[in-house]
Structure formats: structure tokens, C-alpha cells
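# Observations on the model geometry
Residue strings, one per chain:
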Number of protein chains: 2
Amino acid sequence: MIKVVILGAGNVATHLFKAFFASEEVTVVQWYNRHLKTIDLHKNKVAVTDDLSALKEADVYILAVSDDAIETLSEQLTFSNRLVVHTSGSTSLYAIEKKHNRGVFYPLQTFSKDTTVDFSAIPICVEALKKDDLKVLKKLAKAIGAHPHKVNTDQRQALHLAAVFVNNFSNQLYRIAHEITESQGVEFDILKPLIKETAAKIETISPYMAQTGPAKRNDKKTIKRHLKQLEKEEHQAIYTLLTQSIKNTHGH
Amino acid sequence: MIKVVILGAGNVATHLFKAFFASEEVTVVQWYNRHLKTIDLHKNKVAVTDDLSALKEADVYILAVSDDAIETLSEQLTFSNRLVVHTSGSTSLYAIEKKHNRGVFYPLQTFSKDTTVDFSAIPICVEALKKDDLKVLKKLAKAIGAHPHKVNTDQRQALHLAAVFVNNFSNQLYRIAHEITESQGVEFDILKPLIKETAAKIETISPYMAQTGPAKRNDKKTIKRHLKQLEKEEHQAIYTLLTQSIKNTHGH
Ligand SMILES: NC(=O)c1ccc[n+]([C@@H]2O[C@H](COP(=O)([O-])OP(=O)(O)OC[C@H]3O[C@@H](n4cnc5c(N)ncnc54)[C@H](OP(=O)(O)O)[C@@H]3O)[C@@H](O)[C@H]2O)c1
Ligand SMILES: NC(=O)c1ccc[n+]([C@@H]2O[C@H](COP(=O)([O-])OP(=O)(O)OC[C@H]3O[C@@H](n4cnc5c(N)ncnc54)[C@H](OP(=O)(O)O)[C@@H]3O)[C@@H](O)[C@H]2O)c1
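Residues numbered from 1 in each chain as written. Chains lettered and ligands numbered in written order. Predicted model: local features only at pLDDT ≥ 70, side-chain atom pairs only at ≥ 80, totals over all residues. Heavy atoms only, no water.

As a further point, take the overall build of chain A. A count of helical and extended segments in chain A gives 9 helices and 8 strands. The dimensions of chain A, computed from C-alpha atoms along their principal axes, are 70 × 35 × 30 Å. The buried share among the 252 residues of chain A stands at 57%. The contacts of chain A with a sequence gap of at least 6 include a subset with a gap of at least 24, amounting to 53%. Carbon and sulfur atoms form 47% of the exposed surface of chain A, whose accessible area is close to 11200 Å². Taken together, the 33 basic and 28 acidic charged side chains of chain A have centroids lying 5 Å from each other. (Helix = DSSP H or I, 4+ residues; strand = E, 2+ residues; numbered from the N terminus. Buried < 20%, exposed > 50% of the residue type's maximum accessible area, 1.4 Å probe, protein only. Contact = heavy atoms within 4.5 Å. Areas by Shrake-Rupley, 256 points an atom, 1.4 Å probe, with all protein chains shown as cover. Lys, Arg positive; Asp, Glu negative; His and termini not counted. Charge placed at Lys NZ, Arg CZ, Asp CG, Glu CD.)

What follows is the structure, encoded as C-alpha cells:
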């Protein structure tokens, strides 16, 4: 049984709490947040607190707080020599105060409060300075059905950056497509099977092999008409830049 | 039973042939291509030809050829007053010679030769000048399990443009992510669950609501570090432009 204390009550903390709570191999011995009211509704399931000096003993302390809060919060912890990890993709392991046994437990997924998360499909990047700590973190990931991946800091930060491209930026392209279809009174819904297929395709072939369309074909006529169709300068700039990027990749 | 002649032997023609062939409500009476050898291997299943003057009678002639070939090919057809459609998202219906009953049968999906296509999830945009022709095209779409959508030309062209954003451009972002992870020796595969979830998320919430990440939070520190991490100028430019686009959408 792995004993965990969760600190923070945002998207990641909340989804982790649910997953740990459902696991037979993990006990959440306590949940801390600086504002008690956010976690108060869970007090029948777990001990809650807003008092850092009242933290119980545990195998892992998970700082699922805003990147900027990791350093200060880790300093404020009154104990030492225990495993303390953050869940950030971009923050250094060394942001955690050195009196602790430091580590990272970064779930490579997008969490929103209103969507459910199935951890069984989720890779979790783990990092730790001590071998035994790494073992605990791997076990913790597996306990919720996730896949642990031992990475170094450069690799984790590369994954975080890549995640911005495939998640935030792709999603913004969906948003632009939404604006384009709406401007002609067509349902954005018609695009959903294509969006799904675009993501599904790269399960079996590389993005390089999966590419099609006017930019790859260097179809100047279509590209010119598309640019004329776009009303916003911002959308034209994105169209031009990504078209050029595809051309560069595919050797035009 | 709808009688169909397919013209062309590329990605779309090949996938349509398979779907029509499997349907009990459609007969492919003939398959034409200018080069016979591409379709010759199907001659035990369907009459093949490279002779335009030998085309048989049918309810629908589907020109699944390159956009630029639609006009000329439709002129070269020796008959008239029959339903002739193209499969292009961007080409005008009027590209088809006016001696024909003109229409469009545009499947909103990405076709590659090596991937299988399940038409049951695919929207097909249909257009025709005559009401009865529209009925035939809708019936044809349904015969292969697809969803027909009656659209006008502006709407079809908006969908085609939007498809470039969600398909070609998203796929190029996957490609860039592939380069970023490779440069640090991490498996691109680790990103696949996130890619899938990004596409799945917008089934239930809008792209606007689904957005997360440093650009939406206007997290200047992370944005700055990401730009420093990126080695290629092209990738930096894409990062900057899409970050700005997200900021504009979310009011920073
Ligand atoms: N969201 C994602 O998709 C995602 C994915 C992977 C990793 N992460 C990482 O996970 C961590 C948490 O992200 P999140 O999305 O869960 O954030 P979030 O929803 O914004 O929640 C942030 C939490 O941090 C707490 N907090 C902020 N400043 C604090 C301070 N100075 N002292 C104590 N607590 C403080 C907040 O407390 P209050 O409730 O009192 O405001 C809140 O509970 C971050 O490191 C993030 O990079 C996020
Ligand atoms: N690929 C997609 O994802 C997709 C999706 C929706 C709609 N479409 C549209 O569907 C149509 C076909 O696209 P595709 O991807 O199947 O193209 P493709 O794979 O490049 O195949 C093009 C076909 O057109 C034939 N062709 C080209 N020029 C011709 C000419 N002058 N005369 C007669 N035949 C000619 C080619 O004949 P040879 O075999 O002899 O070279 C080939 O069979 C296009 O209008 C496209 O915009 C494509």
C-alpha cells in the first residue's frame, strides 16, 4: 500500500485524487489545499487540511500546484528527507527544496475539470534522484493503471513542449475551423469524423507518411483560393506558415 | 439498385470502388482510368476500360480525378443529360461541362492508399442542380453507410478549407512534435494518447472550452522557455503565431 498526501486542488490534483481513491494499492492519507473550501466536500472520504504544519506521514507528497508555487510550497513543508514530487512538465526537479528527496510525477495528458480521465491510457513521466524513489513512483503510476516512463529533465521538457504543439495548438486549429464553418452557416460537427481520423491515422503510420492536401501537393491554385477565402489576417498568416512548413518537410 | 461508373483510379476512386462493391444497393457497372494497368487487377470484379467512347450507361458517373482534370474529362464524355459528379472539396460544380446533369459528391475524409476507410463515419457533401439528382446522390451516400449533407458551394469550400486546418495542419503539428521528441531521444509514441484525447475531447466540449496550456494562461515564463528550447526558426515562428492566436481567442 502506497501512502500519499496530495497538495493542491486544481485539475490535476482532483483527477489524481479520484484515481488514487479508486485504486486498491494506494491510500490518500491526507489532502491539503491553501483554501479548505475547495476540498471540504471530500472530507467524508479523506482527511482534509489547510494547515501545512499538520501534514501526516506518507510515502509520497504530491505537489499538484501551479508551477510557480512549487518552490515556495516545498520550502514551507516542515519535514525533510521524505519523497516530495511535483506534477509539472516544464519545471525543474531542483525547484523542490533540497531538504527533500526530490522527484517528478508528470502525467502527459490534458486535464479539465469537467471531463473524465481514464488513466489507463496515460503515460506518466517519472524522475527521481534516488533509485528507490523511482521505484515508488513507477509503482504509484501502475497502481492507477498508467504507464510510467523514466525520463530525464531535458526529455520531460521536450515532451511538454511537444505536447503544446499536439494539444494546445491542434486544438486552436479546431477552433479556427469552427470559426470558418460558422461563417458559412455549416455545422462544425461535420468535421468531427475527420478530426478523429486525423488523430487515429498516426497510430499506424508516421505523421510524415500521413500527410495529404494542397501544401504537400504544392497545389498553388488551391492554396491561393484558400488564402482568398480566409477573412482574418491572423488565419491567413497561420495558413501561410503551416503550408510553408509542410512544403519544407516534403521537399518543395 | 444504383448503377455507377467510376472514372479515375487514385485514393478516392479506389476507396469508393471498395465501398460500392461491398454495398448491396450499388453496382459498379464500369471502372475507367486513362492508364488501364492501375485498375487491371480488378477486372475479375468489374468491367474496366481506358476508352472514354466505350462507357456504359449508368445512373451516376463519378469523376474521382485530380481537380485540374475534372473540366477536360467532363468535356470528353461523349454522352449528355446524364448525372456526372466530381468528388472535389474545392472545385466548382460548374467545372463540369454543361451538357451533363451536374453534381458534387465530396467525402469529407482523408484518404491514403494504405489505410482502410470506414465510410459509416464519413460525411459526404452532396450538391446537384436538379432535385432528383440530389436524391440519387443522398441514396448513394447512404448505400455505403455514409451521412449525406446537402451543402451549397460556399459551404463546401468552407468545409474544405476548414479540413486543411484540422487535418493537414494538425498533422504537421504532429510532425513537428515528432522532430522535437526525436531530438531528445524520446519516443514519439508517448504522445499518442494525448493526441487521441485532444481529438476526443471536442466530441463533448467546444474547442474554445477545451483549451488549456501556457498560451491560454498567458504564462510568459513557460512561453519564453519553450521558444528557447526550439532549435528551428520555423518552429519558433509557428509557436509564436499560434500562441498569439490562442491569446487573441481567449482575450489576453
Ligand atoms: N492541467 C493540465 O492539463 C496539466 C497536465 C499535466 C501537468 N500539469 C501540471 O500540474 C500542476 C497543477 O496544474 P493544474 O492544471 O491542476 O492547476 P490548477 O487547476 O490551476 O490548480 C492549481 C492549484 O495550485 C494551488 N496553488 C496555486 N498557487 C499556490 C500557492 N502559492 N500555494 C499553494 N497552492 C497554490 C491552487 O490553489 P487554490 O485552489 O487555493 O487556488 C490550485 O489548487 C502544474 O504544475 C501543471 O503544470 C497540468
Ligand atoms: N485524397 C483525399 O483525401 C481526398 C478527399 C476528398 C476529396 N478528394 C478529391 O477527390 C479527387 C481525386 O483525389 P485523389 O486523392 O483520389 O487523387 P489521386 O490519388 O492523385 O488520383 C488522381 C486520379 O486522377 C487521374 N487523372 C489525373 N489527371 C487526369 C487526366 N488529365 N485525365 C484523366 N484522369 C486523370 C489519375 O490517373 P492516373 O492513375 O492515370 O494517374 C488518378 O487516377 C480530387 O478532386 C480530390 O480533390 C480527395
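When the UniProt feature table is mapped to this numbering, "domain: DUF2520" (unreviewed entry) covers residues 122-246 of chain A. Segment residues 122-246 of chain A splits into 69% helix and 8% strand. End C-alpha atoms: 29 Å apart. (UniProt positions renumbered as here; feature names shortened; annotations may be inferred.)

Let us look at the relation of the copies chain B and chain A. Take chain B, turn it by 180°, move it 0.0 Å along the axis, and it overlays chain A with an RMSD of 0.0 Å. In short, the pair behaves as if placed about a two-fold rotation axis. Within chain B, B:Ser170 has its C-alpha nearest the rotation axis, a separation of 2.6 Å. With an isologous cut-off of 70% or more, the 100% of interface residues of chain B that recur at the interface of chain A puts this contact in the isologous class. (Least-squares fit on C-alpha atoms with pLDDT ≥ 70 in both.)

Listed per partner, the contact involves 82 residues of chain B and 82 residues of chain A. Counting each side, the surface lost to burial between chain B and chain A is near 8200 Å², with a carbon and sulfur contribution of 67%. Seen at the junction of chain B and chain A, the total is 2 salt bridges. Notably, a salt bridge pairs B:Lys221 with A:Asp68, separated by 3.3 Å at the nearest N-O pair. Where chain B packs against chain A, one counts 30 residue pairs in polar contact (both at pLDDT 80 or more). Counting residues per element, the ones that place at least two in the side of chain B that touches chain A are helix H4 (153-183), helix H5 (192-201), helix H6 (207-210), helix H8 (220-229) and helix H9 (233-249) of chain B. Looking at the side of chain B that touches chain A element by element, the count peaks at 26 residues for H4(B). When the residues that make up the side of chain B that touches chain A are grouped by side-chain class, the tally is 40 nonpolar, 30 polar and 12 charged. (Buried area = accessible area lost by both parts, 1.4 Å probe. Salt bridge = Lys/Arg side-chain N within 4 Å of Asp/Glu carboxyl O. Polar contact = N/O pair within 3.5 Å; in protein donor to acceptor, adjacent residues only side chain to side chain. Nonpolar A, V, L, I, M, F, W, Y, C, P; charged D, E, K, R; others polar.)

All names here are of chain A. Looking at ligand 1, there are 20 residues lining it, with Ala9, Val12, His35, Asp67 and Thr87 nearest. Between ligand 1 and alanine 9 there is a distance of 2.7 Å, counted from an oxygen atom to a backbone nitrogen or oxygen. The fraction of the free accessible surface of ligand 1 (900 Å²) that becomes covered by protein chains is 75%. For the shell around ligand 1, the elements supplying multiple residues, two or more each, are helix H1 (11-22) and strand E6 (101-107). (Near = heavy atom within 4 Å.)

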